[in-house]
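# Fold and contact review
Take a look at the letters that make up each chain.
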Amino acid sequence: MLEELFIKSRDFIAVNNQDYQRYFIKTKNLEHRLSIIIGPRGIGKTTTVAQYITKNYKDNEALYVNLDDIQISSKFTMTQIAEEFVLNGGKLLCFDEIHKYESWSAELKNIYDRFDKLKIIATGSSALQINKGSHDLSRRAVVYNMVGMSFREFLELHHGFVFDNYSLEDIITNHIKIATDIKNTIELQDKKIIPLFKDYLKHGYYPYYLSMPNEILFFQTLQQNVNVSIESDLLNVYPKLNGNSIKKIKMLLSVIIKSVPFEPNMSDIKKAAEITDDRTLKEYLAKLDDAGLVKLLMQNSLAMKNFDKPEKIYLANTNLMYTKEPNTGNLRETFFVNQLDNYYKNKPSLNDNGIFASNVGDFYCEEKYTFEVGGKSKSFEQIKDMPNSFVASDSIEVGFGNKIPLWLFGFLY
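We now turn to the structure provided with this report. (Residues numbered from 1 in each chain as written. Predicted model: local features only at pLDDT ≥ 70, side-chain atom pairs only at ≥ 80, totals over all residues. Heavy atoms only, no water.)

### Some words on the overall build of the chain
A tally of helices and strands in the chain yields 15 helices and 12 strands. In terms of overall dimensions, the chain is globule-like: its C-alpha atoms have a radius of gyration of 22 Å, near the 22 Å expected for 413 residues. Across its three principal axes, the chain shows a C-alpha extent of roughly 70 × 55 × 40 Å. A sequence separation of at least 24 residues applies to 66% of the contacts in the chain between residues at least 6 apart. Carbon and sulfur atoms form 46% of the exposed surface of the chain, whose accessible area is close to 18,400 Å². Measuring between centres, the 50 positive side-chain charges of the chain sit 1 Å from its 52 negative side-chain charges. (Helix = DSSP H or I, 4+ residues; strand = E, 2+ residues; numbered from the N terminus. Rg over C-alpha atoms; globule rule 2.2 N^0.38 Å. Contact = heavy atoms within 4.5 Å. Areas by Shrake-Rupley, 256 points an atom, 1.4 Å probe, with all protein chains shown as cover. Lys, Arg positive; Asp, Glu negative; His and termini not counted. Charge placed at Lys NZ, Arg CZ, Asp CG, Glu CD.)

### Focus: the pattern of salt bridges
One pass over the structure, following the stated rule, counts 28 salt bridges. For the salt bridge of Glu 283 with Arg 279, the shortest nitrogen-to-oxygen distance reads 3.4 Å. Of this pair, Glu 283 and Arg 279 both sit in helix 13 (residues 278–290), 4 residues apart, roughly one helical turn. Here Asp 394 makes a salt bridge to Arg 332, at a shortest N to O gap of 3.0 Å. Of this pair, Asp 394 sits in the loop between strand 11 (389–393) and strand 12 (403–405) while Arg 332 sits in helix 14 (residues 328–345), placing them 62 residues apart in sequence. (Salt bridge = Lys/Arg side-chain N within 4 Å of Asp/Glu carboxyl O.)

### Re the side chain of Thr 221
Note on placement: Thr 221 falls in helix 10 (residues 215–237). Its relative accessible area of 16% is what places Thr 221 among the buried residues. Excluding residues that lie within four positions of it along the chain, Thr 221 makes contacts with Tyr 208 and Met 212. (Buried < 20%, exposed > 50% of the residue type's maximum accessible area, 1.4 Å probe, protein only.)

### Considering unusual backbone geometry
Even without being a glycine, Leu 30 presents a positive backbone phi close to 50°. Residue Leu 30 is classed as buried on the basis of its relative accessible area, which comes to 2%. Here the phi dihedral of Glu 97 falls at roughly 60°; this positive angle occurs in a residue that is not glycine. Along the polypeptide, Glu 97 turns up in the loop between strand 3 (92–96) and helix 6 (104–114). For Glu 97, a relative accessible area of 15% puts it in the buried group.

### Describing the environment of Asp 164
Relative to the elements of secondary structure, Asp 164 occurs in the loop between helix 7 (151–159) and helix 8 (168–187). Those residues in contact with Asp 164 that lie beyond four places of it in its chain are Arg 152 and Phe 411.

### A short note on the packing of helix 5 (residues 78–87) against helix 6
Put simply, helix 5 and helix 6 touch, their axes get as near as 9 Å, and they point 25° apart. In terms of orientation, helix 5 and helix 6 fall into the roughly parallel class. Considering only the axes of helix 5 and helix 6, their crossing is right-handed. On the side of helix 5, the interface is formed by Met 78, Thr 79, Ala 82 and Glu 83, while helix 6 contributes Trp 104, Glu 107, Leu 108, Asn 110, Ile 111 and Arg 114. Taken together, the residues of the contact of helix 5 with helix 6 break down into 5 nonpolar, 2 polar and 3 charged. (Axes fitted to C-alpha atoms, helices over the stretch in contact; angles between N-to-C directions. Parallel < 35°, antiparallel > 145°, perpendicular 65-115°, else oblique. Left-handed = near helix turned anticlockwise from the far one by under 90°. Nonpolar A, V, L, I, M, F, W, Y, C, P; charged D, E, K, R; others polar.)

### Focus on the sheet that holds strand 12
The strand order 8-9-10-11-12 describes an open sheet built from 5 strands, whose pairing is mixed. Each edge of the open sheet carries a strand with a single partner, namely strand 8 (355–357) and strand 12. Pairwise comparison of adjacent strand axes, ignoring direction, gives a mean angle of 35° for this sheet. (Pairing = 2+ DSSP bridges.)

### Looking at the pairing of strand 1 (residues 34–38)
For strand 1, a buried count of 5 out of 5 residues is recorded, marking the element as mostly surrounded by other parts of the structure. Judged from the 5 bridges that link them, strand 1 and strand 4 (residues 119–124) form a sheet pairing that is parallel. By the bridge assignment, Leu 34 is partnered in strand 4 with Ile 120. Note: strand 1 against strand 5 (residues 142–145), 4 bridges, orientation parallel. Looking across to strand 5, one finds that Ile 38 is bridged to Asn 145.

### What about the sheet that holds strand 1?
One open sheet holds the 5 strands; their spatial order is 2-3-4-1-5, and the pairing between them is parallel. At either end of the open sheet lies a strand with only one pairing partner, and these are strand 2 (62–66) and strand 5. Here the strands of the sheet are splayed against their neighbours by 15° on average, with no regard to which way each runs. Sheet strands in contact with helix 5 are strand 2 and strand 3, and its direction is about 160° off that of strand 3.

### Some points on the pairing of strand 7 (residues 312–315)
By the alternation rule, side chains of strand 7 split into Lys 312 and Tyr 314 and Ile 313 and Leu 315, which are all buried. Sheet topology note: the strand 6 (residues 294–297)/strand 7 ladder contains 4 bridges and is antiparallel. Following the sheet pairing, Leu 296 is matched in strand 7 by Ile 313.

### Considering helix 1 (residues 2–16)
Side chains three or four residues apart in an α-helix point the same way, a direct result of the helix having 3.6 residues per turn. End to end, helix 1 covers 21 Å across 15 residues, agreeing with the expected 21 Å (1.5 Å per residue, within 8%). Looking at helix 1, one finds that the buried residues are Leu 2, Leu 5, Phe 6, Ser 9, Phe 12, Ile 13 and Asn 16. Down the axis of helix 1, the smallest arc covering the buried residues is 125°, so these residues share one side. Those residues of helix 1 that are exposed and angled more than 90 degrees off the buried face are Glu 3, Ala 14 and Val 15. (Expected span 1.5 Å × (residues − 1). Arc of directions from axis to C-beta.)

### Thoughts on the packing of aromatic side chains
The way to describe two aromatic rings as a pair is by their centre distance and the angle between their planes. Tallying each qualifying case throughout the model produces 31 aromatic pairs. Taking the centre distance of 6.3 Å and the plane angle of 50° together, the rings of Tyr 52 and Tyr 57 count as tilted. On the basis of relative accessible area, Tyr 52 is assigned to the buried category, the value being 5%. Ring centres of Phe 336 and Phe 371 lie 5.2 Å apart, and the angle between their planes is 55°; this geometry places the pair in the tilted category. Here the residue Phe 336 occupies a position in helix 14, and Phe 371 occupies one in strand 10 (residues 369–374), the gap between them amounting to 35 residues. Each of the two residues, Phe 336 as well as Phe 371, counts as buried. Clustering of aromatic rings is evident, with ring pairs tying together Phe 151, Phe 154, Phe 161, Phe 163, Phe 197, Tyr 200, Phe 335, Trp 407 and Phe 411. We note Arg 33 situated over the ring of Tyr 112; from NZ or CZ to the ring centre the distance is 3.9 Å. In this structure, Lys 287 is placed above the aromatic ring of Tyr 238, and the distance from its NZ or CZ to the ring centre is 4.1 Å. (Phe/Tyr/Trp six-rings, centres within 6.5 Å; stacked < 30°, edge-to-face > 60°. Lys NZ or Arg CZ within 6 Å of the ring centre and 35° of its normal.)

Structural data, given as structure tokens:
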């Protein structure tokens, strides 16, 4: 058994051990005995596992197992693999696509409890639930949310620029110097920040764009990943869904793509997606959010996505908007929401007080900062009486006062 698995594991590592390392592997030490990495398709979870194995383990000390491989999952259970691996001195066992394996939570719990010297890394859909029923892993596992590429990472991967990331407070208090330094560094290479930012909005969120021969194939692959996320991943995570509910979720996403971002009229959405009741609509919206395909912007941290009406609905990132010609204002807001939301996902202490809809401006962050998002001529009129209020302005290279370049929020992680 192990010989077959090691052959597949070595082939996997050889193909996926790329030179470029994303923020995740640089900032997360994965030292806990059971680490679970969740995130949307295509953002680099599998590559991260390959890089971690190569960096930290010798040959045969670590084993990668893809649970979406029918040749493996139909022959061996996760527990059988762990037993044989530990018996032969294995140290790190990596399970990929765990949501494709029906009893993954029960077996992970069993493996963790039985083999106290074995380290385990598992990856799965962003919709994954680790606290299901009697197989609650929340007290055993450290769960990491991995997100797509920031604008900063795009500049590093695509153009070789190496920049620091900054906290939101850093950007708010020192944006003129930070933006000036970045702009000057880029211009030394005969490039300009605004055209590079436009490239990022279109195809910079997913690292696999670089492996594509052209944009057409990239967007075809992106659409395929969206379909798999709904038709396969959601169905595996939520087995009570059926073919009809998956069809309606796809229709719902289609309605959102044509409209986002918008303040949802639940009656109109139900009619367009052929959904009969509010409860089902909210449940389907929450599942699209879980899958990393949309972002439901709530009024505050007490609102619950399964039960409360979202204030606004966005696509999860700007690349998803280019399946049609995006509206410029919608594109700006989607970028801002995406980068702030990802920033807070990497800061659990702030996540509950992250980004929400504002009654006055566009967005309210950390229960103290109000933001308006717009073009270079966007004024402060709407938020002029609000303390700690700022304009995130598109199409400017360097800001002034409380007007901050929109692109600079792509340096938060």
